[in-house]
Number of protein chains: 2
Amino acid sequence: MTVSVSLGPRSYPIHIRSGLLHNLPELPAAALPGEIALVSNASVVPLYADALLQKLEARGQVVTTLSMGDGEEFKSLEIASRAYDELAEARFSRRGAVWAVGGGVTGDLAGFVAATWMRGVSFVQVPTTLLAMVDSSVGGKTGVNHPRAKNLIGAFWQPVAVLCDPDCLRTLPPRELRSGLAEVIKYGVIADAELFEFLERNLDAAMKLDGEVLSHIIARSCRIKADVVGEDERESDAIGRRAILNYGHTAGHAFEAVMQYGQLLHGEAISIGMTVAARLATALGTIENGAGNELMERQTRLFERAGLPTQTPEGADFEDLWAAMALDKKNRGAGVNFILPTRIGEVMRVENVSADSVREAIFSHR
Amino acid sequence: MTVSVSLGPRSYPIHIRSGLLHNLPELPAAALPGEIALVSNASVVPLYADALLQKLEARGQVVTTLSMGDGEEFKSLEIASRAYDELAEARFSRRGAVWAVGGGVTGDLAGFVAATWMRGVSFVQVPTTLLAMVDSSVGGKTGVNHPRAKNLIGAFWQPVAVLCDPDCLRTLPPRELRSGLAEVIKYGVIADAELFEFLERNLDAAMKLDGEVLSHIIARSCRIKADVVGEDERESDAIGRRAILNYGHTAGHAFEAVMQYGQLLHGEAISIGMTVAARLATALGTIENGAGNELMERQTRLFERAGLPTQTPEGADFEDLWAAMALDKKNRGAGVNFILPTRIGEVMRVENVSADSVREAIFSHR
């Protein structure tokens, strides 16, 4: 199936199908110019990038391959600089296209290089993790980390096409698959009760990598994100609709920041963050008809079935968490703003939540 | 006076007036947020950046100043990286604005940093050289050099406002002023016979830094470039109207590339390049009514009055020049494409000009 992301002249298709990488769909001309730079990482090269390289070369494309390390620490200006060196060496022209084959780190870095090589060349995303398929394949955010904070350096740069092949998830470590499911569950809570119910019925099939089920949840997730992003492409409106995507991320990012690197995957931090947010919603009474506990339970049950954590990790200090939340670039002013559910399928924005309420939501269940 | 650059949601004003920096005009809100990063270079700081800093601070803006070296060699990813470090140190937010005060090098680098800091912040240009006022203040091209070629790394990023104060030209070395005049003369030849005639009448006043005359020629030049750029903002159409701006640049860039760094200023190379192009036009018969010699003479006379070179420099080797022209990223295919005049105020594109014709045009007058 195909999800169309509508952004005027920057619109593009997301193709989603098992076996897609073995049998490429029809692609826009900008995706397949004579020269392609295929950016990948050491883990993904033997699994998918090599096969794709052969396929592209067989079609007559001249392909330059760039392989980076696999991990957030490689999403740096230094690695981008090495990519520029290799593109310069290959005399890569502004008529070329950069293809990113890998997870979010590869996509973010390759997208930034595409955005800035000769003031911008075409970009194609081939996400190979569930998180990258449902999150970074829509939104146009590209960039690298700065030693002081993640994603400080970057650009909005839309791909000309995205290829999601759920078969890639067969080689994904199970913990990474679960991490991606946290974002999928988020889409259900913020905007799509049907997706949430579909997950309640089909989570086991998804975890067993059923191609149809995965294609459906990837497509629904991309559709939701595409609709939200379409209203505010550059996230220029700080309190705009795009903020709903931050459900679970206010506390989640804080958990990521204060725990030691690698202890929590992004989706794990988000599932804890969504649990905190749902508890906050119940306490503040944002949930309709007093159904806070029911929402809380359904959400928690899904997380548990997906093998995702919902408990505040041992050793997390409230002062550190609060400082991280207040520092988050999406917050201004004294209090902290949260996206909180009103029911499954709808959220609202609550401003200036007090430290006491947040502390209670984080630690009350201990 | 004010020239409006019309680019839909990215439209912006260019304010042009003597004394403008002492008495700032009304500016869009995005130009004057609470936080400003003022990027300048060592030569310009004591002349203009310091005074501007005081003015902005007096208005309550928090200003972070970044000073870079003055010269093409500082337009590098390494210097951009240091700018990111300083912005991170200052906790510069995505609601800030980057102001560039200086020539083209400062503007290109600061613009690139603005384009890529937190995926893009507002950008204000305060060009202090004639070349930057008439060339880089319109077009949205930002970027840094790569050791292998100029401007390989960059982005299109439009300013929210441009401030041109011709009084700044009082401190510009005369050779730099003359270099800027080459681009002004170019605008006359490619699109504006009236501007050309105005220059014939008022060049001496311009060189004596008459504020009215300079404001007029800066405004006309910006207007022409803005009209051309408005039709093809991202230079996506390789044979589009934007190509006319390359009059004199095909051979000019080649002279810049083959001569030792610093031997020819950009405008000097362009005036030689325009002379070559006019000679080529006469030989190929593109000029209407057999008026090739007249156009050639009027153009040469203006260059000479402006103290600009028109002779092919000693030691320039044709094979090197031809290789540089053929390599230019704007050329594809075997021959070299030129923008050639049909009369003063109009040019056309001629494809695949032979090496013999170009050799003749470069060396025939020796």
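Structure shown above.
This is a predicted model, so every value here is computed, not measured.

A look at the packing of aromatic side chains
Residues and elements named next belong to chain A.
Okay, so step 1: Here the structure, examined in full by the defined rule, presents six aromatic pairs over all chains.
Okay, so step 2: Between Phe318 and Phe363, the ring centres sit 6.4 Å apart and the planes meet at 75 degrees, which makes this aromatic pair edge-to-face. Here Phe363 lies in helix α12 (residues 355-363) and Phe318 lies in helix α11 (residues 318-327), a separation of 45 residues in the sequence.
Okay, so step 3: Taken together, the ring pairs connect Phe318, Trp322 and Phe363 into an aromatic cluster.

Quick notes on the interface of chain A and chain B
Okay, so step 1: Counting residues at the interface gives 34 residues for chain A, matched by 34 residues for chain B.
Okay, so step 2: Interface of chain A and chain B: buried area, both sides summed, is about 3,300 Å²; carbon and sulfur atoms make up 53% of it.
Okay, so step 3: Among the salt bridges present, the one from Glu89 of chain B reaches Arg148 of chain A, with a minimum N-O distance of 3.0 Å.
Okay, so step 4: Where chain A touches chain B, the interface holds 11 residue pairs in polar contact (both at pLDDT 80 or more).
Okay, so step 5: Within the residue set of the side of chain A that touches chain B, elements represented by two or more residues are α2 (77-89), α3 (104-116), β7 (141-146) and β8 (149-156) of chain A.
Okay, so step 6: Grouping the amino acids of the side of chain A that touches chain B by side-chain chemistry returns 13 nonpolar, eight polar and 13 charged.

Here we look at the packing of helix α11 (residues 318-327) of chain B against helix α12 (residues 355-363) of chain B
All names here are of chain B.
Okay, so step 1: Running from amino to carboxyl end, α11 crosses α12 at an angle of 120 degrees, the nearest separation of the two axes being 11 Å. As judged from the angle between their axes, α11 and α12 are oblique. Regarding α11 and α12, the two cross each other, and that crossing is right-handed. Only Ala355, Val358, Arg359, Ile362 and Phe363 of α12 make contact with α11, whose side of the interface consists of Phe318, Glu319, Leu321, Trp322 and Met325.

Here we look at the nonpolar core
Okay, so step 1: Of all hydrophobic cores here, the largest spans 105 residues; its most connected members are Ile14, Trp99 and Phe255 of chain B.
Okay, so step 2: Looking at which element gives the most residues to this core, the answer is helix α7 (residues 211-230) of chain B, with 10 residues.
Okay, so step 3: Once residues within four sequence positions are removed from consideration, Trp99 of chain B is found in contact with Leu27, Ala31, Leu32, Ile36, Ala37, Leu38, Val39, Leu52, Leu56, Val124, Val126 and Leu163 of chain B.
Okay, so step 4: Formed by 103 residues, the second largest nonpolar core is a distinct cluster that contains Ala97, Ile224, Val276 and Ala361 of chain A.

Comments concerning the relation of the copies chain A and chain B
Okay, so step 1: Mapping chain A onto chain B leaves a residual RMSD of 0.0 Å; the transformation is a rotation of 180 degrees accompanied by 0.0 Å of translation along its axis. Each copy turns onto its partner about a two-fold axis.
Okay, so step 2: Most of the interface of chain A is mirrored in chain B, where 100% of its interface residues again form contacts.

Focus: the sheet that holds strand β4 (residues 62-68) of chain B
Residue and element names in this part refer to chain B.
Okay, so step 1: Read across the open sheet, the seven strands follow the order β1-β2-β9-β6-β5-β3-β4; overall the sheet is mixed. Whereas interior strands pair on both sides, the edge strands pair on one side only; in this sheet they are β1 (2-5) and β4. Strand after strand, the sheet turns through a mean of 15 degrees between neighbouring axes, direction not considered.
Okay, so step 2: As judged from the seven bridges shared by strand β3 (residues 35-41) and β4, these two strands associate in the parallel manner. Paired with Leu38 across the strands is Thr65, a residue of β4.
Okay, so step 3: Helix-sheet contacts for helix α1 (residues 44-58) involve β3, β4, β5 (97-102) and β6 (122-127), and the interaxial angle to β3 is about 170 degrees.

Rules and cut-offs
- Residues numbered from 1 in each chain as written.
- Chains lettered and ligands numbered in written order.
- Predicted model: local features only at pLDDT ≥ 70, side-chain atom pairs only at ≥ 80, totals over all residues.
- Heavy atoms only, no water.
- Phe/Tyr/Trp six-rings, centres within 6.5 Å; stacked < 30°, edge-to-face > 60°.
- Helix = DSSP H or I, 4+ residues; strand = E, 2+ residues; numbered from the N terminus.
- Contact = heavy atoms within 4.5 Å.
- Buried area = accessible area lost by both parts, 1.4 Å probe.
- Salt bridge = Lys/Arg side-chain N within 4 Å of Asp/Glu carboxyl O.
- Polar contact = N/O pair within 3.5 Å; in protein donor to acceptor, adjacent residues only side chain to side chain.
- Nonpolar A, V, L, I, M, F, W, Y, C, P; charged D, E, K, R; others polar.
- Axes fitted to C-alpha atoms, helices over the stretch in contact; angles between N-to-C directions.
- Parallel < 35°, antiparallel > 145°, perpendicular 65-115°, else oblique.
- Left-handed = near helix turned anticlockwise from the far one by under 90°.
- Core = buried A, V, L, I, M, F, W, Y, C linked by side-chain atoms within 4.5 Å.
- Buried < 20%, exposed > 50% of the residue type's maximum accessible area, 1.4 Å probe, protein only.
- Least-squares fit on C-alpha atoms with pLDDT ≥ 70 in both.
- Pairing = 2+ DSSP bridges.

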